[in-house]
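Given next are the chains, with one letter for each unit.
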Amino acid sequence: MGKWTRRAFITTGILTGGALVVGIAIRPGNRAGKVKDLIAGEGDTVLNIWLKVNADNTITVIVPHAEMGQGVHTTLPMMLADEMDADWETITMLEAPGNAEYANYAMAKGFIMGPKDIPSMLIGTVDGFFLTATKQISLQMTGGSASVRFTGMLAMRVAGAAARAVLLEAASEKWEVALEELVVKNSTISHPPSNRTEPFASFVAKAASLSQPAKPRLKTTEEFTIMGTSPPRFDIPSKVDGTANFGIDVTLPNMKYAAIKASPVFGARAKPLDAGAIKDMPGVHKIVNLEGAVAVIADGYWLAKKAINELPIEFDKSDHDTVGMNDIYDQYLRDMDVAVADGKEEKDVKKGNINKIFKEATNIIEAEYRVPYLAHATMEPMNCTALVKEDGCEIWVGSQNPLGFANSVAEELDLDQEKVLVHNHYLGGGFGRRSVPDVAIQAALIAKEVDYPVKLIWSREDDIRQDHYREANISRFKASLTDEGQIIAWNNQFLFKHDPEEAPHIPYGVENQFIHYTNSETHIPWGYWRSVDSSMHAFFTESFMDELAFKANKDPYLFRREHLTNAPRYLKVLDLAAGKANWGEDLPAGWGRGISLHQSFGTIVAQVAEIEIIENDLKVHRVVCVADPGFAFHPDGFTAQMESGIVFGLTAALYGEITIENGAVKQSNFHDYQMLRINENPKIETYIVTSDNWPGGAGEPSTPGIAPAVANAIFNASGIRIRELPFKNHELKANTGLLG
Amino acid sequence: MILKINNQSLEVDVDPATPLLWVIREQAGLTGTKFGCGIGQCGSCTVQLDGVAIRSCLTPIQAVADKEITTIEGIASETELHTIQRIWIQEQVPQCGYCQSGQIISAHALLTKTTLPTDEEIDQAMSGNICRCGTYSRIKKGIKLAAEELAGASTINLENNG
């Protein structure tokens, strides 16, 4: 896994030497015929792979992304329907099957090429290239805050506009009238001069035989009728009456349940257990020995869980049995020092000459920051149901990459990918966790041993201890200020680099910069965690900016302003946040205000947190969030994502800490891996700034900025500078007078 | 053993120590009630016992034999959703939705007992239900709106749902 990001595309060779290799790519043209059997019923006409017009003039939009609460099952159909001038009331959606034809070429294209204008004649070739490439890596990912900005912009809108174009062409031929005289609205085509109006369905058979334009005219923002509105989400009614079908809710005839015990130390092997160990356990049917775990199958989940707890399961010793946090941090620091000493830093940004500045500077500020490992803790624990037959396998799961899961399971069972059928369900939280197919592989290996379907459910303890974690990290800064309080040099070293590429970069005008990183391998599995690298770099860079503002004896908001003279888009967001948050107005004793500014996944977000320190307790009262995503296609959904990302980031900042002891994760459940609850929820105000820029993402961009906004507010209230998360580990006291 | 779930009787033949959650999900086939933590920390498994919200993951069925059990599937009438459910749609409360059955059942128990709850009463009744998607502001607003509608009143401050 982890093959789906821009950086990863580069390393897998899709991009070579900075140039796109497209020479041998196919030109796929209209692939409607290839997907017809997968998505169409009788009387339905598949116009292109993203939509079908049904016999009753309703339209079904095919969405190649999983619904995990971000509203993608609604927003993507809106984008297609608007370009098509379809009647929103008659739109339904169908999640694309986990099939290679739905490999996500648009996402790859968006990550690699961004909003480049491609000549019409090349689009088929370019799309064909990305389709071939994404098929090869089985990419059907929901993540990277990419669904709207890439799939929506590069696939859905184009598909809707192209369908509209051929429907018009078909109407023009049928009625023998000029195209320009036709009017399209609400899934009907009219010809006012002859007073004729007919539904799309009348023209769809003819339209399906016409060649669709690769680069149809798209609407301008002013022409939108559905995009930019907030219709109710399709998935919500089933989520209030208990009928929503999550992976864990699958019920199949003859199905049994499995529980598992995996090695607490990652990578250690489980000692195989004798099949007879369950002979005195009624309702318990089978032991399945896996490489790093033992599973039991029983009539019910509770029976399976009880059995696995009672069985004497042991694990082999491993090289990591004594590893603790101190070992990890010591190793990190050693590797960072060695990299610098040997001049072997991985260079990220290099501008000007920091060494020259530091040699002559008198005003040098240094700081070291840390963040811990984090687990995802989706509300729905990991689970997967599998049925394995001689000639194939079916799995039922909530996945952020159904095609990738099919591929991984196929590899494990030594089957062709087409022999693995993935039924994707609603995800009870994703946050990156459900892009990893580990549980699906386990379920398939367990189900392979029996001839009935098996539902494997991880306990919350399994979920916390067998995660793929946001890594613990260290970030070191050294900066220099001029006499006027301008940053003249910025040196930043940290560990690892994943995505987004610009996570550690600063929007501020600093002439001399050296941003670099070092790798330091551990045995702890890594995974995408909501906002990925930005989840920590915003805390690092925006806290350090606050330190510099203090050293420069300047207001933290105005200090940032002064460094944004060449970044008007950032400036606008920052100014609005300060204004809405009453920046500069007095607060009661013990209260503080902190500001942050960070861009990730194409969306710029400024946040102002208002906090209070009561005794040794921290209360976050209010968060003002200003976001510039270019355009919010579903403003209410976008706002909900801002709120969601802030609560997610605040939870981690306050409480989030996975520690490693004796090679294993110490925490196990919500009592020691705490979540923010309703009584701690701040009042969140979101303001959306619209700009002419290519749309940015929604799911992740508000998560990074909350930790530094609160940390800076704590400093404002107390003079205590927090350089290590989470906040719960710090003694807080208001107005200590310990400024600096 | 006979359980009474949503006004229907269900005969079950399992270990009396089995937590109610798994009987509701696996024997009664009512999958709206969710497994989240197994230790009563998250509230995903919340159901009502004689109108009181409890954590079904910790409640053995032997303790509930003579009680009325109400799950998310049991609060709507045959023809229409409960006010809370309708307002949950109107306010677009759920995101991933996994915790929402528990949230709605807890809110329902609160509003059955307390006509127009204060912010503090809402916090107290709802702080046992974790939402990882952070829908808390909308939950709070939803409870206030539902309370108003159920009480035929409009006296609640809808502004600050932090």
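Since the structure is predicted, the reported quantities are computational estimates derived from the model, not experimental observations. (Residues numbered from 1 in each chain as written. Chains lettered and ligands numbered in written order. Predicted model: local features only at pLDDT ≥ 70, side-chain atom pairs only at ≥ 80, totals over all residues. Heavy atoms only, no water.)

*Asks:* Mind laying out the interface of chain A and chain B, listing which residues take part and the relevant values?
*Replies:* Residue-level contacts link 59 residues of chain A with 51 residues of chain B. Buried area between chain A and chain B, summed over both chains or domains, comes out near 4,400 Å², and the portion from carbon and sulfur atoms is 59%. A per-residue breakdown of the area chain A buries against chain B is headed by Trp302(A), Met379(A) and Ile678(A), which together make up 19% of the total. If you look at where chain A meets chain B, you find five salt bridges. A salt bridge links Glu643(A) to Arg138(B); the nearest nitrogen and oxygen atoms lie 3.4 Å apart. Counting across the interface, chain A meets chain B through 24 residue pairs in polar contact (both at pLDDT 80 or more). For the side of chain A that touches chain B, the secondary-structure elements that each account for two or more residues are helix H8 (301-310), strand E18 (454-457), helix H13 (460-465) and helix H17 (635-654) of chain A. (Contact = heavy atoms within 4.5 Å. Buried area = accessible area lost by both parts, 1.4 Å probe. Salt bridge = Lys/Arg side-chain N within 4 Å of Asp/Glu carboxyl O. Polar contact = N/O pair within 3.5 Å; in protein donor to acceptor, adjacent residues only side chain to side chain. Helix = DSSP H or I, 4+ residues; strand = E, 2+ residues; numbered from the N terminus.)

*Asks:* Account for the pattern of salt bridges, naming residues and giving values.
*Replies:* Residues and elements named next belong to chain A. Here the structure, examined in full by the defined rule, presents 47 salt bridges over all chains. Of the charged contacts in the structure, one is a salt bridge between Arg622 and Glu685, with a shortest N-O distance of 2.7 Å. One end of the pair, Arg622, is in strand E24 (residues 617-630); the other, Glu685, is in strand E27 (residues 683-690), and 63 residues separate them in sequence. Residue classification places Glu685 among the buried positions, given a relative accessible area of 13%. Connected through shared salt-bridge partners, Arg593, Glu610, Arg622, Lys683 and Glu685 make up one network. (Buried < 20%, exposed > 50% of the residue type's maximum accessible area, 1.4 Å probe, protein only.)

*Asks:* Can you lay out the side chain of Asn6(B) for me, pointing to particular residues and giving the numbers?
*Replies:* All names here are of chain B. Looking at the secondary structure, you find Asn6 in the loop between strand E1 (2-5) and strand E2 (8-11). A relative accessible area of 18% places Asn6 in the buried class. A polar contact of 2.9 Å, which involves the side chain of Asn6, links it to the backbone nitrogen of Thr71. If we ignore the near neighbours within four places in the chain, the residues touching Asn6 are Leu30, Ile69, Thr70, Thr71, Glu73 and Gly74.

*Asks:* Just give me the short version of the sheet that holds strand E13 (residues 346-351) of chain A, but keep the residues and values in it.
*Replies:* All names here are of chain A. If you walk across this open sheet you meet the five strands as E13-E21-E20-E19-E14, and the pairing is mixed. Two strands close off the open sheet at either side, each with one partner strand: E13 and strand E14 (364-371). The average angle at which neighbouring strand axes cross in this sheet is 10°, direction not considered. Where E14 meets strand E19 (residues 473-481), eight bridges bridge the pair, whose relative direction is antiparallel. (Pairing = 2+ DSSP bridges. Axes fitted to C-alpha atoms, helices over the stretch in contact; angles between N-to-C directions.)

*Asks:* Got a sec to walk through helix H16 (residues 568-580) of chain A? Specific residues and values, please.
*Replies:* An α-helical segment advances 3.6 residues per turn. Residues three or four places apart therefore align on the same side. Residue and element names in this part refer to chain A. Across its 13 residues, H16 extends 18 Å between first and last C-alpha, which sits within 8% of the 18 Å expected from 1.5 Å per residue. When H16 is considered as a whole, its buried residues turn out to be Tyr570, Leu571, Val573, Leu574, Ala577 and Ala578. On an axial view of H16, the arc spanned by its buried residues comes to 165°, and they lie on one face. Exposed residues pointing more than 90 degrees away from the buried face of H16 are listed as Pro568, Lys572 and Gly579. Tucked inside the fold, the buried residues of H16 contact helix H15 (556-562), strand E22 (591-600), strand E23 (603-614) and E24. Residue Asn582 follows H16 closely and has a positive phi angle near 55°. (Expected span 1.5 Å × (residues − 1). Arc of directions from axis to C-beta.)

*Asks:* A description of the sheet that holds strand E15 (residues 383-389) of chain A should follow, citing residues and the corresponding values.
*Replies:* All names here are of chain A. The seven strands lie next to each other as E11-E12-E10-E18-E15-E16-E17, forming an open sheet whose pairing is mixed. At either margin of the open sheet sits one strand with a lone partner, and together these are strand E11 (284-289) and strand E17 (420-424). Neighbour-to-neighbour, the strand axes of this sheet turn through a mean angle of 20°, independent of strand direction. In terms of strand pairing, E11 meets strand E12 (residues 293-298) through five bridges, oriented antiparallel. Bridging from a neighbouring strand, Val288 pairs with Ala295 of E12. Across the sheet, helix H11 (residues 402-413) lies against E15, strand E16 (392-397) and E17, angled at about 145° from E17, the strand it touches most.

*Asks:* Go over the nonpolar core, please, and point to the residues and values.
*Replies:* All names here are of chain A. Among the nonpolar cores identified, the biggest contains 166 residues, and Tyr373, Trp490, Ile611, Val710 and Phe727 are the most heavily contacted of them. Ranked by the residues each element gives to this core, the list is headed by H17, at nine residues. In contact with Phe727, not counting residues within four places along its chain, are Leu618, Ala653, Leu654, Ala707, Val710, Ala711, Ile714 and Ile722. In this structure, Leu76, Met113, Met156 and Val204 belong to the second largest nonpolar core, which totals 64 residues. (Core = buried A, V, L, I, M, F, W, Y, C linked by side-chain atoms within 4.5 Å.)

*Asks:* Explain the domain arrangement of chain B to me, and be specific about the residues and the numbers.
*Replies:* Quite often, the size of an interface is put as the accessible area lost when its parts meet. All names here are of chain B. Domain parsing of chain B yields domain 1 (2-74) and domain 2 (83-151). At the interface, 16 residues of domain 1 touch 13 residues of domain 2. Across the domain 1 to domain 2 interface the summed buried area is about 1,200 Å²; carbon plus sulfur atoms make up 52%. Here domain 1 and domain 2 share zero salt bridges between them. Where the side of domain 1 that touches domain 2 is concerned, the elements lending two or more residues are strand E3 (46-49) and strand E4 (52-55). (Domains from an automatic or database assignment.)

*Asks:* Outline the layout of surface pockets, supporting the account with residue identities and numerical values.
*Replies:* Residue and element names in this part refer to chain A. Quantified by volume, the second largest pocket comes out at close to 900 Å³. Taken together, 36 residues make up the lining of the second largest pocket; nearest its centre are Ile123, Asp127, Val158, Pro213 and Ala214. Of all the secondary-structure elements, those providing two or more residues to the lining of the second largest pocket are helix H4 (105-113), helix H5 (120-136) and helix H6 (147-175). Looking at the lining of the second largest pocket element by element, the count peaks at six residues for H6. Residue composition of the lining of the second largest pocket, grouped by class: 21 nonpolar, eight polar and seven charged. (1 Å grid on protein atoms, 1.4 Å probe; cavity = no way out; pocket = protein on both sides within 12 Å on 5 of 7 lines; lining within 4 Å. Points joined across faces, edges and corners; volume = space filled by probe spheres on them. Nonpolar A, V, L, I, M, F, W, Y, C, P; charged D, E, K, R; others polar.)

*Asks:* Explain the domain arrangement of chain A residue by residue, including any values.
*Replies:* All names here are of chain A. On domain assignment, one finds that chain A holds domain 1 (6-225), domain 2 (247-317 + 382-457) and domain 3 (523-729). Each of domain 2 and domain 3 was reduced to a C-alpha centroid, and the two centroids are 38 Å apart. Between domain 2 and domain 3, roughly 670 Å² of surface is buried when both sides are summed, and carbon and sulfur atoms account for 73% of that area. On the domain 2 side of the interface with domain 3, the three residues burying the most area are Val265, Phe266 and Phe431, jointly 78% of the side's total. At the boundary of domain 2 with domain 3, the tally comes to zero salt bridges. Summed over the shared surface of domain 2 and domain 3, the result is one residue pair in polar contact (both at pLDDT 80 or more). Class assignment of the residues belonging to the side of domain 2 that touches domain 3 gives a composition of four nonpolar, two polar and one charged.

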